[in-house]
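Commentary on secondary and tertiary structure
So you can see what is in the structure, the chains are spelled out below.
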Amino acid sequence: MSSPDPQVRAARNESTPHAARGVRGPVVAVTGAASGIGALLTERLVASDEVKQVIAIDERRGECAAAQWHILDVRDPAIAEKLRGADVVVHLALDLDLETDSAARTAYNVRGTQTVLTAAAAAGVHRVVLCTSAMVYGALDDNELPLSEDAELRATAEATGVGDLLEIERLARRAPRAHPGLNVTVVRPAVLVGGTDTALTRYFESPRLLVVAGSRPAWQFCHVEDLCSALEYAVLEKVEGELAVGCDGWLEQEEVEELSGIRRMELPSAVALGAAARLHRIGLTPSPAGDLAYTMYPWVVSGSRLHDAGWRPQWTNEEVLAELLEEVSGRHTVAGRRLGRKDATAAGAAGATVALLGAAAVVRRARKARRRI
């Protein structure tokens, strides 16, 4: 009997679960596995020869047929039973949607993380990987360029979702003490790009880029593919602890403007921050004034721990910016067309861009008032 065609044999191997092929490696559970980063990571881990099995957990079934699916809310204590047999859990079931009610978002994010950490310990899981953001370092004028992973977390809860991320960081630090034997790795990406919708990606939907007078922006991006490869490093225990991930280096504001072809509009700090706060307060934008700081001051990270472990980003800042501009093409903010509609704030282009549009109107009104005097 002749041996099968090599292509047929390869197809059979691809469709055979890793456990059945005798692959040695961890059993990995991924929460939030049906969409976004969770779906990308699930597909990546399923294809890895270093992962034995992938358990996918979400409130709906995703498209990865090779994973073992469990459909439930991560806040359900029953998740502990679903995690039995897993060596590592990657918790990606977070709600960072700009349109979600902030109290509901916090309740989901914090309670979900608490439940997953407790359930993982109860199920005998030895490592949990959490994903927050480099935003937890805070955007401050005196930040070093770049920041080390060990830099103090100086962010406040004034920007979208950052309060939740800081609480998740606190839970991560406390978990090993509360659950001896449980290791926690935290991954903190820079501005995330690749099918994402955040206050910072919306900054680039504006016809003009707001630059606050006297500010010192520095832009560092992270493509979702690079984030997934960094998460895989953490899963395979090639690196541990607190990890920052992003493209190498950063772009100055002038470079961003030159590469994007979008001109700036410079405004005084008081005007921009005041307008952003007022627009958010009356419900015209989901982005609080705190988001604006992340377009004003640097929060670039070194990623030294991942680099020391041999990891390298596959994307440059220039390449990620080009992809971001392509993604947001056609979604430019048009003042007076969408800003008044709470269900269409995608036109709002983050706190920074909304502040741009609102502040421009404030400045015009102030100038007219002065001329009348």
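What you are looking at is a predicted structure, and each value in this text was computed from that prediction instead of being measured.

Below, the discussion takes up the overall build of the protein. When helices and strands are counted, the protein shows twelve helices and 13 strands. Classification of the 373 residues of the protein by burial places 51% in the buried group. In the protein, 79% of the contacts between residues at least 6 apart in sequence involve partners at least 24 apart. When the accessible area of the protein is evaluated, it comes to approximately 16900 Å², of which 49% is carbon and sulfur surface.

As a further point, take the state of the cysteines. The final tally for this structure, using the stated rule, is zero disulfides. In this structure C247 is not part of a disulfide, and its nearest cysteine sulfur, from C222, lies 6.6 Å away.

What follows covers empty space enclosed by the protein. Summed over the entire model, instances satisfying the criterion amount to one cavity of 30 Å³ or more. What lines the largest cavity is A190, V191, A218, W219, Q220, Y294, W299 and V300. Class assignment for the residues of the lining of the largest cavity results in seven nonpolar, one polar and no charged.

With that settled, the discussion passes to the environment of G241. Relative to the helices and strands, G241 resides in the loop between α7 (224-235) and β11 (242-245). When near neighbours in sequence (up to four residues on either side) are disregarded, G241 contacts V184, T185 and V186.

As a further point, take the sheet that holds strand β3 (residues 68-71). In spatial order, the strands read β3-β2-β1-β4-β5-β6-β11; together these seven strands make up an open sheet with parallel pairing. Here the strands that pair on one side only, and so sit at the sheet edges, are β3 and β11. Across the sheet, the mean angle from the axis of one strand to that of its neighbour is 20°, orientation sign disregarded. Relative to strand β6 (residues 183-189), strand β5 (residues 127-131) runs parallel, the two being bridged by five bridges. Looking across to β6, one finds that L130 is bridged to V186. Strands in contact with helix α2 (residues 36-47) are β1 (27-31), β2 (53-58) and β4 (88-91); relative to β1, the strand with the most contacts, it is inclined by about 165°. Sitting on the sheet, helix α5 (residues 162-178) is in contact with β5 and β6, with an inclination near 155° to β6.

Definitions and limits used
- Residues numbered from 1 in each chain as written.
- Predicted model: local features only at pLDDT ≥ 70, side-chain atom pairs only at ≥ 80, totals over all residues.
- Heavy atoms only, no water.
- Helix = DSSP H or I, 4+ residues; strand = E, 2+ residues; numbered from the N terminus.
- Buried < 20%, exposed > 50% of the residue type's maximum accessible area, 1.4 Å probe, protein only.
- Contact = heavy atoms within 4.5 Å.
- Areas by Shrake-Rupley, 256 points an atom, 1.4 Å probe, with all protein chains shown as cover.
- Disulfide = S-S within 2.5 Å.
- 1 Å grid on protein atoms, 1.4 Å probe; cavity = no way out; pocket = protein on both sides within 12 Å on 5 of 7 lines; lining within 4 Å.
- Points joined across faces, edges and corners; volume = space filled by probe spheres on them.
- Nonpolar A, V, L, I, M, F, W, Y, C, P; charged D, E, K, R; others polar.
- Pairing = 2+ DSSP bridges.
- Axes fitted to C-alpha atoms, helices over the stretch in contact; angles between N-to-C directions.

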